[in-house]
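# Reading the structure
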Amino acid sequence: MSSVATNGPVACPGCVAGVAPVEAAPVAGQIMLSLPTIHCQACIARVEDALAAYPGVTSARVNLTLKRVAVDAAPDVAAADLVGLLERQGFEAHELDVSVLTETTTRTAGRDLLMRLAVAGFASMNVMLLSVAVWSGAADATRDLFHWISAAIALPAIAFSAQPFFRNAWAALRAGRLNMDVPISLAIVLALATSLWETWLSGHHAYFDAALTLTFFLLAGRWLDARARAAARSAAEELTALEVPRAWRVEAGTAVEVPVADLRLGDAVLVKPGARAAVDGVVMNGRSEVDRALLTGETLPEVRGPGDVVAAGELNLTGPLTVRAKAVGQDTSLHRMAALVAVAESGRSRYTSLADRAAKLYAPGVHILSALAFLGWLIWSGDLRVSLNIAAAVLIITCPCALGLAVPAVTTAASGRLFGKGLLIKNATALERLAEVDTVVFDKTGTLTTGAPELTNWDDLTAAQKSVARALAAGSAHPLSAAIAEAARQEGCSPALLDALREKPGFGTEGEMAGRPVRLGRPDWVGVEDDGQTDTIAALDAGTGSPIVLRFRDAPRSDVAETIAALTAQGLNVSLLSGDRETSVAQFAGTFGIDDWHAGMRPEDKLNMIAKLQEQGRRILMIGDGLNDTGALAAAHVSISPGKALDAARAASDMVLLGAELAPIAEAVSVARQATKRIRENFQIATIYNVVAVPLAVAGLATPLIAALAMSTSSISVSLNALRVRGRG
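Residues numbered from 1 in each chain as written. Predicted model: local features only at pLDDT ≥ 70, side-chain atom pairs only at ≥ 80, totals over all residues. Heavy atoms only, no water.

## A word on a nonpolar patch on the surface
On the surface, Ile688, Val691, Val692, Leu696 and Leu701 cluster together into a nonpolar patch covering about 500 Å² of accessible area. With respect to the helices, strands and loops of the structure, Leu701 is situated in the loop between helix 23 (663-698) and helix 24 (704-722). (Patch = residues over 30% accessible without salt bridge, like charges linked within 9 Å, V, L, I, M, F, W, Y side chains within 5 Å. Areas by Shrake-Rupley, 256 points an atom, 1.4 Å probe, with all protein chains shown as cover. Salt bridge = Lys/Arg side-chain N within 4 Å of Asp/Glu carboxyl O. Helix = DSSP H or I, 4+ residues; strand = E, 2+ residues; numbered from the N terminus.)

## Brief notes about the side chain of Asp629
As for its placement among the helices and strands, Asp629 is situated in the loop between strand 24 (620-623) and helix 21 (630-635). Of the polar contacts made by the side chain of Asp629, one reaches the side chain of Lys606; its length is 2.5 Å. Among all residues touching Asp629, those that are not within four sequence positions of it are Asp443, Lys606, Met622 and Gly624. (Polar contact = N/O pair within 3.5 Å; in protein donor to acceptor, adjacent residues only side chain to side chain. Contact = heavy atoms within 4.5 Å.)

## A few points about the pattern of salt bridges
Under the defined criterion, the tally for this structure stands at 14 salt bridges. Each of Arg249, Glu251 and Asp267 takes part in a single network of salt bridges with overlapping partners.

## Looking at the sheet that holds strand 12 (residues 315-316)
In any sheet, the strands associate via hydrogen bonds between backbone groups, in a parallel or an antiparallel arrangement. Read from one edge to the other, the open sheet built from three strands follows the order 10-9-12, with strand pairing classed as antiparallel. Because the sheet does not close on itself, it has two edges, and the strands there are strand 10 (302-304) and strand 12. Sheet topology note: the strand 9 (residues 288-291)/strand 10 ladder contains three bridges and is antiparallel. Opposite Glu289, over in strand 10, you have Val303 as the bridge partner. (Pairing = 2+ DSSP bridges.)

## Let's talk about helix 16 (residues 479-491)
It helps to recall that an α-helix has 3.6 residues per turn; residues three or four apart then point in one direction. Under the 1.5 Å per step criterion, the end-to-end length of helix 16 is 19 Å for 13 residues, consistent within 8% with the ideal 18 Å. Of all the residues in helix 16, the buried ones are Pro479, Leu480, Ser481, Ala483, Ile484, Ala487 and Ala488. Within two residues after helix 16, Gly492 carries a phi angle of roughly 80°, on the positive side. (Expected span 1.5 Å × (residues − 1). Buried < 20%, exposed > 50% of the residue type's maximum accessible area, 1.4 Å probe, protein only.)

## Digging into the packing of helix 15 (residues 463-473) against helix 16
Viewed as axis vectors pointing N to C, helix 15 and helix 16 meet at an angle of 130°, and their least axial separation amounts to 9 Å. Relative to helix 16, the element helix 15 is oriented oblique. As for how helix 15 packs across helix 16, the hand of that crossing is left-handed. Packed against helix 15, whose contacting residues are Lys466, Ala469, Arg470 and Ala473, the element helix 16 presents Ser481, Ile484, Ala485, Ala488, Arg489 and Glu491 at the interface. (Axes fitted to C-alpha atoms, helices over the stretch in contact; angles between N-to-C directions. Parallel < 35°, antiparallel > 145°, perpendicular 65-115°, else oblique. Left-handed = near helix turned anticlockwise from the far one by under 90°.)

## Focus on the sheet that holds strand 25 (residues 638-642)
Read across the sheet, seven strands follow the order 14-26-25-24-15-22-23 without closing on themselves; strand pairing throughout is mixed. Single-partner strands in this sheet number two, and they are strand 14 (423-425) and strand 23 (596-598). For this sheet the average axis-to-axis angle between neighbouring strands, irrespective of direction, equals 20°. In the packing of helix 19 (residues 582-591) onto the sheet, the strands contacted are strand 22 (573-577) and strand 23, and the crossing angle to strand 23 comes to about 160°. Those strands touched by helix 20 (residues 603-615) are strand 15 (439-443), strand 22, strand 23 and strand 24, and its axis lies near 160° from that of strand 24.

## Overview of the packing of aromatic side chains
Two descriptors summarise a pair of aromatic rings, namely the distance from one centre to the other and the angle between the planes of the rings. Tallied over the full model, the rule gives four aromatic pairs. Between Trp377 and Trp380 the ring centres are 5.4 Å apart and the planes differ by 85°, which places this aromatic pair in the edge-to-face class. A residue pair is termed a helical-turn pair when its members lie 3 or 4 positions apart in one helix, as Trp377 and Trp380 do in helix 11 (residues 354-381) at three residues. A relative accessible area of 70% means that Trp380 is categorised as exposed. Consider the rings of Phe507 and Trp525, whose centres lie 6.1 Å apart with planes at 45°: the pair is tilted. (Phe/Tyr/Trp six-rings, centres within 6.5 Å; stacked < 30°, edge-to-face > 60°.)

## Some words on the packing of helix 5 (residues 163-174) against helix 6 (residues 181-200)
For the pair helix 5 and helix 6, the least separation of the axes is 8 Å and the interaxial angle reads 125°. Classified by the angle between their axes, helix 5 and helix 6 sit oblique to one another. Remark: the crossing between helix 5 and helix 6 carries left-handed chirality. Note on element contacts: helix 6 touches helix 5 through Asp181, Val182, Ile184, Ser185, Ile188 and Val189, opposite Phe165, Phe166, Asn168, Ala169, Ala172 and Leu173.

## Considerations on the nonpolar core
The nonpolar side chains of a soluble globular protein tend to be buried, and buried together. Counting 40 residues, the largest nonpolar core has Leu434, Phe442, Leu567, Leu621 and Ile665 as the members making the most contacts within it. With nine residues, the single largest contributor to this core is helix 23. Residues contacting Ile665, with those up to four places away along its chain left out, are Phe442, Leu567, Leu621, Ile623, Ile640 and Leu657. One finds Trp458, Ala483, Ala487 and Ala538 within the second-largest nonpolar core, a separate group that totals 25 residues. (Core = buried A, V, L, I, M, F, W, Y, C linked by side-chain atoms within 4.5 Å.)

## Examining unusual backbone geometry
Even without glycine at this site, Ala500 takes up a positive phi of about 55°. Considering the arrangement of structural elements, one finds Ala500 in strand 17 (residues 499-504). Phi at Ala514 takes a positive value of approximately 55°, unusual for a residue other than glycine. Within the element layout of this structure, Ala514 appears in the loop between strand 18 (508-513) and strand 19 (516-521). Looking at Ala514, the relative accessible area reads 66%, which means it is exposed.

## Description of the pairing of strand 15
The buried fraction of strand 15 amounts to five of the five residues, a majority that puts the element mostly inside the structure. Of the two faces of strand 15, the one holding Thr439, Val441 and Asp443 and the one holding Val440 and Phe442 are both buried throughout. In this sheet, strand 22 lies alongside strand 15 in parallel orientation, the contact comprising five bridges. For Val440, the partnering residue across the bridge sits in strand 22 and is Val574. Note that strand 15 and strand 24 share four bridges and pair parallel.

Following this line, the structure appears as structure tokens:
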């Protein structure tokens, strides 16, 4: 949450949700800022123009996908200055540590696969044209010439395009195991070797087109899989990046900016308004309000004064604080949270997909079958040339193109359908895991609610009180003040004229009107007792009459009830985990019929609760939006975060909601179950195909060319079946 009041949402007429360019790895001298609220081309232009006009800034490049801006600036330009500049433009911004932000390997791999796919496709088309002439009756020298030209095209094309299969197969063999790439590589190499031998001996048939077609279809499956993974990045990396890279250490009464790595236990650290704490510690001097959403998920700030504890990553809102460091570096609460998330992510990475499970059985079976076919024909016929042809045909006809396409094709079709509904799938196995869930766990604040307080008794105020309230609210960036200002703005209420308006950190704002003091803030400061009727209140003394209590609520999203009902109708259990206070969570859960709820949950509590449920055999879908949810999001069987969630929460999630509605969640569960059904059907198609085709290949009735055509037919059938996911059935 930003500590600076903005001028409302940034106007973005004609939003253009284009694909952002690939972000290069950060370089020395570069300042990296996270911009979680940007969402269109107009935002990009506004950010880049504002930064480019700042003295000392050489260039600024926004990455819309990652919601970051990389700024090249002179050494004397501070990140804090740029953060303030962007917040004055209406954008939330905070500094990221460029040393831990690098381009993800999945994004690079996707571009590499696409290039190899293009080469294989182009070469395949050219060799097919040459093959048509041979099939049409070209003979003798003409046929041999076309075969040699085909070899000249196929050999370098496959040497380049099939490298991913060759590398993975070699790595598996060196480790003493088999994977899907071993039979793929053997089929390609054997088809090329057989074709070269046939060409050398002026044979009638060469199978360069089969080898290229095989490579092309397999690369298509790999690219679809890489495309599904391209949006994923490490949440632990994002959390580490949020660690403040520099801090102000108080030395002999003077604040000196130093790298966080130079801080030691016992150091006095100044935390300025608008900055995040760099250490865990105890407040020595000052009084302020801090945003603890990082650790608790609560949107309302808490007052901190001498003797109170401050944690790394907490945002100081109103006044300067001097903190005595009690934990630094890897011992801070923020770093420990990153470690929890990293452990949770590593557990999820061990999930075995349907395709991987099929490959464990498939690979050794193919090798044994091909070897037996070769030995059987060699013993029976004594012809090495015929035996190799039949072995190549067996490998090609059983080559797992259909298996390789079974999952990516369905995932891509289902992802397209859900994207149209407002849900982005980031992880390749997310749909499979989502189909297995039996329990949905929600965070409350910012997930089931809007995350912004809403004034509920504004109409109880007189016109004079409303006017004073708006004037006092204008003097503070507190979320409750923002809610009052919004209520006044919607009604068209004009602010009263106040003198000596000032904010008292941790208490509220005060001023004078016609010589009488007026106040807005904490009830006990204004002179009102908390009646306990609602969880969040403030008080207003308008200078006349008794002070009045202002009541607030965190408004639920419009479709919470419908979403929970839809999930329950699909047989799913619904739970609520929140860092908010018990009264607020109990009231919310009762309103929407959620029987299983827990309040006051810290990040480790949420993570432990997820682990406990999983030990009971539950498959958990976790939905949350805050940094305090990242551990639970990463540890859950599958996870979803809203599009406006913080960077680390989106990174920890398998899926991201693109709009404000929750309805796509129930739709996603339904589509995931359909997609898993289609994947299993694709495996059945591939199995039936092999049962029919393999005996023909072993019997010598299918040449490598016929095997390649049969393999292509199987792959197309699998792809067409996958497209059924786009429909309603």
